[in-house]
Amino acid sequence: AQSVTQLGSHVSVSEGALVLLRCNYSSSVPPYLFWYVQYPNQGLQLLLKYTSAATLVKGINGFEAEFKKSETSFHLTKPSAHMSDAAEYFCAVSDRAGSARQLTFGSGTQLTVLP
Amino acid sequence: NAGVTQTPKFQVLKTGQSMTLQCAQDMNHEYMSWYRQDPGMGLRLIHYSVGAGITDQGEVPNGYNVSRSTTEDFPLRLLSAAPSQTSVYFCASSSNNSPLHFGNGTRLTVT
């Protein structure tokens, strides 16, 4: 069975500081990995995805994530936080080999950006 | 292009009442699914459908029914609501194994 652990349910950073949101996964098949963002009162939007190509994946809004198989990690980073980055972020892993749509989600990390 | 549309946005039910959460997509996606989102638990899959006439259970199907009579619509039915079903419900769709497109959710409270 697949599982996702997001370390830190709440993360606060100052505007302009590095954003680092942690995600570790467990998967019995070669994983596809995803980061989604949820703004208040909205659905989830795809930030980026790893589907077994390049291990460093670039997404929208300046975010990127690196797939590290040896560490079973897929941490999300952004060099400089902006106030508009305040949202909840979810890491997800595919439930089946090669699936981008049957996913197991982590519990989420709420990002607060301080002025 | 509306994408995935969920109605209603908010709903309050009494224990034992029934209701249907509506989900419609205009992208001709063959795959549709329902998730519930609870604090500290992320999103959990309730039911999904890989095409009209085909549905299957996800991680937490108990208390919910679905049907898929058309490609566009995938309603979620609560036959007898319970307080444990208080949650935010999201519908999502996908085509050709592309990443999920989510609706804006329905916030349900069962008293």
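Residues numbered from 1 in each chain as written. Chains lettered and ligands numbered in written order. Predicted model: local features only at pLDDT ≥ 70, side-chain atom pairs only at ≥ 80, totals over all residues. Heavy atoms only, no water.

A. Quick peek at the side chain of Asp38(B). All names here are of chain B. Of note, Asp38 is situated in strand β4 (residues 31–38). Judged by its relative accessible area of 10%, Asp38 falls in the buried class. A distance of 2.9 Å separates a polar atom in the side chain of Asp38 from a polar atom in the side chain of Ser87. Excluding anything up to four places from it in sequence, Asp38 contacts Arg44, Thr86 and Ser87. (Helix = DSSP H or I, 4+ residues; strand = E, 2+ residues; numbered from the N terminus. Buried < 20%, exposed > 50% of the residue type's maximum accessible area, 1.4 Å probe, protein only. Polar contact = N/O pair within 3.5 Å; in protein donor to acceptor, adjacent residues only side chain to side chain. Contact = heavy atoms within 4.5 Å.)

B. View of the pairing of β4(B). Residue and element names in this part refer to chain B. Counted residue by residue, β4 has eight buried out of eight residues, so it is predominantly covered. Neither face of β4 is open: one carries Tyr31, Ser33, Tyr35 and Gln37, the other Met32, Trp34, Arg36 and Asp38, and all of them are buried. The pairing of β4 with strand β9 (residues 87–94) spans seven bridges and is classified as antiparallel. Pairing of Met32 across the sheet is with Ser93, part of β9. (Pairing = 2+ DSSP bridges.)

C. The arrangement of the interface of chain B and chain A in detail. Contact residues are listed per partner, giving 21 residues for chain B and 21 residues for chain A. Between chain B and chain A the total buried area reaches about 1,600 Å² when both faces are included, carbon and sulfur atoms providing 51% of it. Ionic pairing is found between Glu30(B) and Arg101(A), a salt bridge with its closest N-O pair at 2.7 Å. The interface formed by chain B and chain A contains four residue pairs in polar contact (both at pLDDT 80 or more). A class-by-class count of the residues in the side of chain B that touches chain A yields nine nonpolar, 10 polar and two charged. (Buried area = accessible area lost by both parts, 1.4 Å probe. Salt bridge = Lys/Arg side-chain N within 4 Å of Asp/Glu carboxyl O. Nonpolar A, V, L, I, M, F, W, Y, C, P; charged D, E, K, R; others polar.)

D. Region of the structure containing unusual backbone geometry. Backbone torsion omega between Thr7(B) and Pro8(B) reads -10°, so that peptide bond is classified as cis. Along the chain, the position of Pro8(B) falls in the loop between β1 (4–7) and β2 (10–13). If you check the backbone angles, Thr72(A) has positive phi at about 45° while not being a glycine. The residue Asn97(B) is not glycine, and still its phi comes out positive at about 60°. Note on placement: Asn97(B) falls in the loop between β9 and β10 (101–102).

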